[in-house]
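One-letter residues, chain by chain:
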Amino acid sequence: MANTSSRTLRLLSLLQTHRFWPGAELADRLGVSVRTLRRDIDRLRDLGYPVEAQRGTEGGYQLAAGAALPPLVVDDEEAVALVVGLQAAAQGPVAGVAESSVRALAKVVRVLPARLRHRVEALREVTVPAPGWDGAAAAPDGVDPDLLTGLALACRDAERVRFGYTAGSGERSERHAEPHRLVMLGRRWYLVAYDLTRHDWRSFRLDRITGAARPTGARFRPRELPAADAAAFVRAGIGQLPTPYRVEAVVRAPAEAVRARIGRWVTVEELPEEGAGPDGDRCRVVMSTDSLEWPLLALGMTGAEFEVIGPPELHDLLVEWSERFLRAAAGTVPFRSFADRSGMAPDGRW
């Protein structure tokens, strides 16, 4: 969300307390100048919010007493972005943000137009976030907001849907399913549903659904999901997918300390004291991945000495990175542009 838009929402939230706000205090709460505050107030008025102003040294702002607030003017994509962003923040690890995000989400939903409120309420109701999952290894996927909210409504209303789907192998098929829940895992969205063609539970990546999910009008009685929840079901499915690399390293630090730093991304196993380092603590770190860059970052984040056991490609990459960092530390980096190294043409084309 743009800074101006998020600040406008924050301003609206403060004014909704229906108390009088001195201009200087309100500007300070928003972290802006009094002049910028006046522009933000004008923006709210343009949107139809009845903001009264009192001039003078003791001047300030408040919403008109007894005035009914008009709907928040946003389009479908902005409404979905608001709900998804606030819901993700509510599940995030940043201290103090979760409770504020829940309050902000409730306020935003209340002032959405009725049509959008119906759709985003469904999205909020059926989305299962996966706290603790790191999305660094997943590429950001562009998901159509209409597809997202359409599937949310089908989940909530227990209505069967049909959609085209492209599997990871490239095989295309038509699916007929009973949608259960949407899962937001890292930066990817998944639909957990009972596949009526294959007669089994499946998880579908939304970025692989082609076209719109077409509601059939046929209702169904929800089945029992064979997992603790939809997020656990998706996690288990991803864990069974083949990955090119199995990374293994020995870290010379207590297993508990390593788990605290990177445990949500990897498996950390305690090792016997025999053969340990001077400090007497070491552990084994194991992970499966389709990329070798982020395992190196994770190992570096342990803040401890480590030894790469495998695969050999990870050791080669470690040597390459080490040489690059040593040159950077010594100030002897040869002048060679990224375009030269990557094969990119001067005009930005490959």
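Our structure is the block above this text.
Quantities reported herein were computed from a predicted structural model and do not represent experimental measurements.

J.: Just checking my understanding: could you explain unusual backbone geometry for this structure?
T.: For residues besides glycine, phi is generally negative; the peptide bonds are generally trans as well. With omega at 0°, the peptide bond leading from Gly310 into Pro311 counts as cis. Mapping Pro311 onto the fold places it in the loop between strand E13 (306–310) and helix H11 (312–330). The phi dihedral of Ala158 is positive, around 50°, even though this residue is not glycine. On the secondary structure map, Ala158 appears in the loop between helix H7 (145–157) and strand E5 (159–166). A residue is classified by how much of its surface remains accessible, and Ala158, at 13% relative accessible area, is buried. Even without a glycine there, the phi angle at His199 is positive, about 55°. For His199, the position within the fold is in the loop between strand E7 (188–195) and strand E8 (200–205).

J.: Honestly, the nonpolar core in this entry has me stumped. Any pointers?
T.: Ranked by size, the top nonpolar core spans 24 residues in total, and within it Leu151, Phe163, Leu182, Trp189, Leu191 and Leu206 carry the most contacts. The residues touching Leu191, leaving out its near neighbours within four places in the chain, are Leu151, Cys155, Phe163, Pro179, Arg181, Leu182, Arg202, Ser203, Phe204 and Leu206. Counting 22 residues, the second-largest nonpolar core is a separate cluster that includes Val285, Met287, Ala304 and Leu314.

So, how was this worked out
Residues numbered from 1 in each chain as written. Predicted model: local features only at pLDDT ≥ 70, side-chain atom pairs only at ≥ 80, totals over all residues. Heavy atoms only, no water. Helix = DSSP H or I, 4+ residues; strand = E, 2+ residues; numbered from the N terminus. Buried < 20%, exposed > 50% of the residue type's maximum accessible area, 1.4 Å probe, protein only. Core = buried A, V, L, I, M, F, W, Y, C linked by side-chain atoms within 4.5 Å. Contact = heavy atoms within 4.5 Å.

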